[in-house]
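A closer look at the structure
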Protein chains: 2
Amino acid sequence: MAKTSTRTAVTPTKRTYDSLEQEVFLNLWRTYDRLKTLEDDVFGRVGLSAQQYNALRLLQSIYPDAMPTLVLGSRLISRAPDMTRLLDRLERRELLNRERKPENRRVVEVRISKKGVTLLDEIHDAVQECHQQQLGHLKKKDLRQLADLLRQARQPHENPSHLSVADE
Amino acid sequence: MAKTSTRTAVTPTKRTYDSLEQEVFLNLWRTYDRLKTLEDDVFGRVGLSAQQYNALRLLQSIYPDAMPTLVLGSRLISRAPDMTRLLDRLERRELLNRERKPENRRVVEVRISKKGVTLLDEIHDAVQECHQQQLGHLKKKDLRQLADLLRQARQPHENPSHLSVADE
DNA sequence: CGAAATTACTCGTCGCAACAACTATCGTCA
DNA sequence: TGACGATAGTTGTTGCGACGAGTAATTTCG
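This section reports on the structure supplied with the text. Note that this is a predicted model, so its numbers are computed, not measured.

Quick notes on the overall build of chain A
- Of regular secondary structure, chain A possesses seven helices and three strands.
- What you see in chain A, going N to C, is helices and strands ordered as α-α-β-α-α-β-β-α-α-α.
- In chain A, which comprises 168 residues, the share counted as buried stands at 46%.
- Taking all contacts inside chain A whose residues are at least 6 apart in sequence as the whole, residues at least 24 apart take part in 52%.
- Total accessible area on chain A is roughly 9300 Å²; 49% of this is exposed by carbon and sulfur atoms.

Structure follows, in structure tokens:
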């Protein structure tokens, strides 16, 4: 058990959990929060949020092609119900541009700009270094295992619409 | 139409990573995001955020004692630079109360109210069910391992001020 | 052909989070 | 005792995120 009450109120990391599942989730939350701080620091320097960076990366991966807003939104790591304004902000900074498709004027195609690609290139190394700082202290084997367990953990909660697109 | 051509752009979960560390972090992010959705749903029903719930739980654990604002802030799972207003909102709902200490008028002591305790009791079961839904599909052994790996992952990034409190 | 449904966003509103600048209180040391 | 820091919160501003309602373009179907 925990050390016999060094102090009454203060039990910093030694917390009592109602269940093992809760323990895991709180650990997940805290670990995400700690590691995220490092990332935000890197992105903050160029005025991007992690989500914005994520969107730009996806666009870069198909550069110089474009993709519709909704497709982009569905492929982001974290769900974003406000794609429009996220893209608004990036467009205002000229990191991407949007245009309606003539053949289906409901669809807005999004394309990363040259300037956007340049920005990503500029911070690429810093981002990689950041990931090393975040997790570089773990062994390859542990990293693999962690990635696998995380995938298993969320597997039942993945929106099926994501996966079904590939084979329709 | 579109059958073969859609496949080009759409690669839902199959993403290419720059490094193993990045892969782990993105998995961490996504898993957190997915599981968080379930929690937010439960808390949303009583108008709480996860962070607010977290604060109330900490206060409940020392009920009917109180603790200073800054101590509470430092013990939250996720960092909160805006304790004052978080507590403002909870106080407005009469879930807790605050009072300045007479012997040191800089310190504000926070105490959960009877109403707050009652609210926590009311949702306790739903929260536990939620944790089961989040992670109940994993084996005990995997959950243990996941919790351990997560702890190891964030270990170098824990603020030491947290840990030093226990033995002062 | 035209009304209804569907799709793909867009916009109004609100609350919360982040950073910084500020205030009040207390300890300290010349 | 009175300026100087340090401590503990508070407040201003700004911006992003979430939810929902609204709009425009296309498809469906009687």
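Don't stop here, the text continues.
Section: the sheet that holds strand β2 (residues 96-100) of chain B
All names here are of chain B.
- One open sheet holds the three strands; their spatial order is β1-β3-β2, and the pairing between them is antiparallel. Only two strands of the sheet have a single partner each, and these edge strands are β1 (67-68) and β2.
- Pairing between β1 and strand β3 (residues 108-112): two bridges, direction antiparallel. Of the residues in β3, the one forming a bridge with proline 68 is glutamate 109.
- Set on the sheet, helix α3 (residues 50-60) makes contact with β1, β2 and β3; between it and β3 the angle comes to about 90 degrees.

Some remarks on the protein's contact with DNA strand C
- In the vicinity of DNA strand C lie 17 residues, with A:Arg85, A:Val108, B:Arg89, B:Arg105 and B:Arg106 positioned nearest.
- When atoms of DNA strand C within 4 Å of the protein are split into backbone and base, the sugar-phosphate part holds 69%.
- One nitrogen or oxygen atom from the side chain of B:Arg89 is found 3.1 Å from a phosphate oxygen belonging to DNA strand C.
- Looking at the surface near DNA strand C, the elements that each hand over two or more residues are α3 (69-75), α4 (83-92) and β2 (96-100) of chain A together with α5 (83-92) of chain B.

Description of the protein's contact with DNA strand D
- Among the 18 residues in the neighbourhood of DNA strand D, the closest are listed as A:Pro81, A:Arg105, B:Leu70, B:Arg85 and B:Val108.
- Each atom of DNA strand D within 4 Å of the protein was assigned to sugar, phosphate or base; sugar and phosphate come to 70%.
- Here a phosphate oxygen of DNA strand D and a backbone polar atom of B:Leu70 are 2.9 Å apart.
- Of all the secondary-structure elements, those providing two or more residues to the surface near DNA strand D are α4 of chain A together with α4 (69-75), α5 and β2 of chain B.
- Of the residues assigned to the surface near DNA strand D, the class counts are five nonpolar, three polar and 10 charged.

As for the relation of the copies chain A and chain B
- Superposition of chain A onto chain B requires a rotation of 180 degrees combined with a translation of 0.0 Å along the rotation axis, giving an RMSD of 0.1 Å. As the rotation angle and translation indicate, the two copies are arranged about a two-fold axis.
- Of the interface residues in chain A, 97% have counterparts in chain B that sit at the interface too, so the contact is made through matching surfaces.

Structural notes on the interface of chain A and chain B
- Taken together, the contact pairs 73 residues of chain A with 73 residues of chain B.
- Here chain A meets chain B over a buried area of about 7900 Å², counting both sides, of which 60% is carbon and sulfur.
- Between chain A and chain B we count eight salt bridges in total.
- The partner of B:Lys140 in a salt bridge is A:Glu21, and the shortest N-O contact between them spans 4.0 Å.

Here's the deal with helix α1 (residues 20-44) of chain A
All names here are of chain A.
- In this model α1 runs 35 Å from its N-terminal to its C-terminal C-alpha over 25 residues, within 8% of the 36 Å that 1.5 Å per residue would give.
- Of all the bends found along α1, the most pronounced is centred on lysine 36 and spans about 25 degrees.
- Burial runs high along α1: 20 of the 25 residues are buried.

Remarks on the pairing of β3(B)
- As defined by bridge partners, β2(B) adjoins β3(B) across five bridges and the pair is classed as antiparallel. Paired with B:Leu96 across the two strands is B:Ile112, which belongs to β3(B).

Considering the packing of aromatic side chains
- Under the criterion given, the structure shown has five aromatic pairs over all chains.
- Centre to centre, the rings of A:Phe25 and B:Tyr32 are 6.4 Å apart; their planes meet at 15 degrees, and the pair counts as stacked. Highlighted residues: A:Phe25 in helix α1 and B:Tyr32 in helix α2 (residues 20-44), drawn from two different chains.
- Owing to a relative accessible area of 1%, A:Phe25 belongs among the buried residues under this scheme.
- Among the aromatic residues, ring-to-ring pairing joins A:Phe25, A:Tyr32, B:Phe25 and B:Tyr32 into one connected group.

Calculation criteria
- Residues numbered from 1 in each chain as written.
- Chains lettered and ligands numbered in written order.
- Predicted model: local features only at pLDDT ≥ 70, side-chain atom pairs only at ≥ 80, totals over all residues.
- Heavy atoms only, no water.
- Helix = DSSP H or I, 4+ residues; strand = E, 2+ residues; numbered from the N terminus.
- Buried < 20%, exposed > 50% of the residue type's maximum accessible area, 1.4 Å probe, protein only.
- Contact = heavy atoms within 4.5 Å.
- Areas by Shrake-Rupley, 256 points an atom, 1.4 Å probe, with all protein chains shown as cover.
- Pairing = 2+ DSSP bridges.
- Axes fitted to C-alpha atoms, helices over the stretch in contact; angles between N-to-C directions.
- Near = heavy atom within 4 Å.
- Polar contact = N/O pair within 3.5 Å; in protein donor to acceptor, adjacent residues only side chain to side chain.
- Nonpolar A, V, L, I, M, F, W, Y, C, P; charged D, E, K, R; others polar.
- Least-squares fit on C-alpha atoms with pLDDT ≥ 70 in both.
- Buried area = accessible area lost by both parts, 1.4 Å probe.
- Salt bridge = Lys/Arg side-chain N within 4 Å of Asp/Glu carboxyl O.
- Expected span 1.5 Å × (residues − 1).
- Bend = angle between axes of the 7 residues up to and from the residue.
- Phe/Tyr/Trp six-rings, centres within 6.5 Å; stacked < 30°, edge-to-face > 60°.

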